[in-house]
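As a plain string of letters, each chain reads:
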Amino acid sequence: MNVSDRPAFIDFEASSLDLIASYPIEVGVSLPDGTLHSWLIAPHVLWQDWSESAEAIHGISRDTLLAEGREVRDVAYELNQILSDEVYCDAWTFDSFWLHRLFRAARLRPNFLLESVSSILGAHQIQQWSETRQQVIESLGLPVHRAANDALILQETWHRVVGNTPTQNLHYHIARP
């Protein structure tokens, strides 16, 4: 990837960190132009896992998902509508698991490839990532552990570590049921 390219970033929140039983409850995307998209995901009938400690971190209750969440097929379809090529995350093991679980439940295939942000960073940039991310969190003042916010934090961190000018005009699209 050319450093001047502006990648898309994705982040998931989940029912727990159990890589056997957990499932995605929220997905957020920050597109190359800074547009944000976010969906709460209604639990698929087979998804029963729930962690109160995870709920305490992201602040999303199962009742909220049942009342306001979008159907898995709708979320997967809309992700396919806005994403193509590669999309980047910072926790590939978890995010790829939840992406797969979402699309499998939807009986769709993603039109895009999920990659780790480390695949587009040099060694020095990887070393800068954690400290720069913390600076971004502080400067943006956004709550963490909400998918769209975390995707935006990833994008802004990437801009800073590669020396790219961040997108100034952010557009927000929060999908609702």
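The structure this text deals with has already been given above.
Structural notes, computed from the coordinates. (Residues numbered from 1 in each chain as written. Predicted model: local features only at pLDDT ≥ 70, side-chain atom pairs only at ≥ 80, totals over all residues. Heavy atoms only, no water.)

Turning to the nonpolar core, a few remarks are in order. Ile10, Val27, Leu79, Leu83 and Leu102 are the most contacted members of the largest nonpolar core, which has 30 residues in total. At the level of secondary structure, the elements contributing two or more residues to this core comprise strand 1 (8-14), strand 2 (24-30), strand 3 (36-40), helix 3 (72-82), strand 4 (85-89), helix 4 (92-106) and strand 5 (112-116). Sort the elements by how many residues they give to this core and helix 4 lands first, with 6 residues. (Core = buried A, V, L, I, M, F, W, Y, C linked by side-chain atoms within 4.5 Å. Buried < 20%, exposed > 50% of the residue type's maximum accessible area, 1.4 Å probe, protein only. Helix = DSSP H or I, 4+ residues; strand = E, 2+ residues; numbered from the N terminus.)

Moving on to unusual backbone geometry. At Asp85, a position not held by glycine, the phi torsion is positive, near 60°. Following the sequence through the fold, Asp85 ends up in strand 4.

Our next topic: the pattern of salt bridges. Across all of its chains, the model carries 3 salt bridges by this definition. Taking the shortest distance from any N to any O, the salt bridge between Arg146 and Glu26 comes out at 2.8 Å. Here Arg146 is found in the loop between helix 5 (123-140) and helix 6 (147-162), whereas its partner Glu26 is found in strand 2, with 120 residues between them in sequence. Residue Glu156 pairs with Arg160 through a salt bridge whose shortest N-O separation is 2.9 Å. Residue Glu156 and its partner Arg160 are located together in helix 6, separated by 4 residues, close to a single helical turn. Judged by its relative accessible area of 36%, Arg160 is partly exposed. (Salt bridge = Lys/Arg side-chain N within 4 Å of Asp/Glu carboxyl O.)

The next subject is the pairing of strand 2. With 7 of 7 residues buried, strand 2 is to be regarded as a mostly interior element. As paired elements, strand 1 and strand 2 share 6 bridges and run antiparallel to each other. Across the sheet, Asp11 pairs through a bridge with Gly28, a residue of strand 2. Where strand 2 meets strand 3, 5 bridges bridge the pair, whose relative direction is antiparallel. Counted as the bridge partner of Glu26 is Leu40 from strand 3. Adjacent in sequence and paired antiparallel, strand 2 and strand 3 are bridged by 5 residues, among which Gly34 carries a positive phi angle near 95°. (Pairing = 2+ DSSP bridges.)

Further remarks concern helix 5. Counted at 1.5 Å a residue, the expected span for helix 5 with its 18 residues is 26 Å, and the 25 Å between its end C-alpha atoms agrees. By the largest-angle criterion, Trp129 marks the main kink of helix 5, which is about 45°. For helix 5, every residue scored as buried is listed here: Gln125, Trp129, Thr132, Val136 and Ile137. In this fold, the buried residues of helix 5 make contact with helix 6. Trailing helix 5 by a residue or two, Gly141 shows a phi angle of about 65°, which is positive. (Expected span 1.5 Å × (residues − 1). Bend = angle between axes of the 7 residues up to and from the residue. Contact = heavy atoms within 4.5 Å.)

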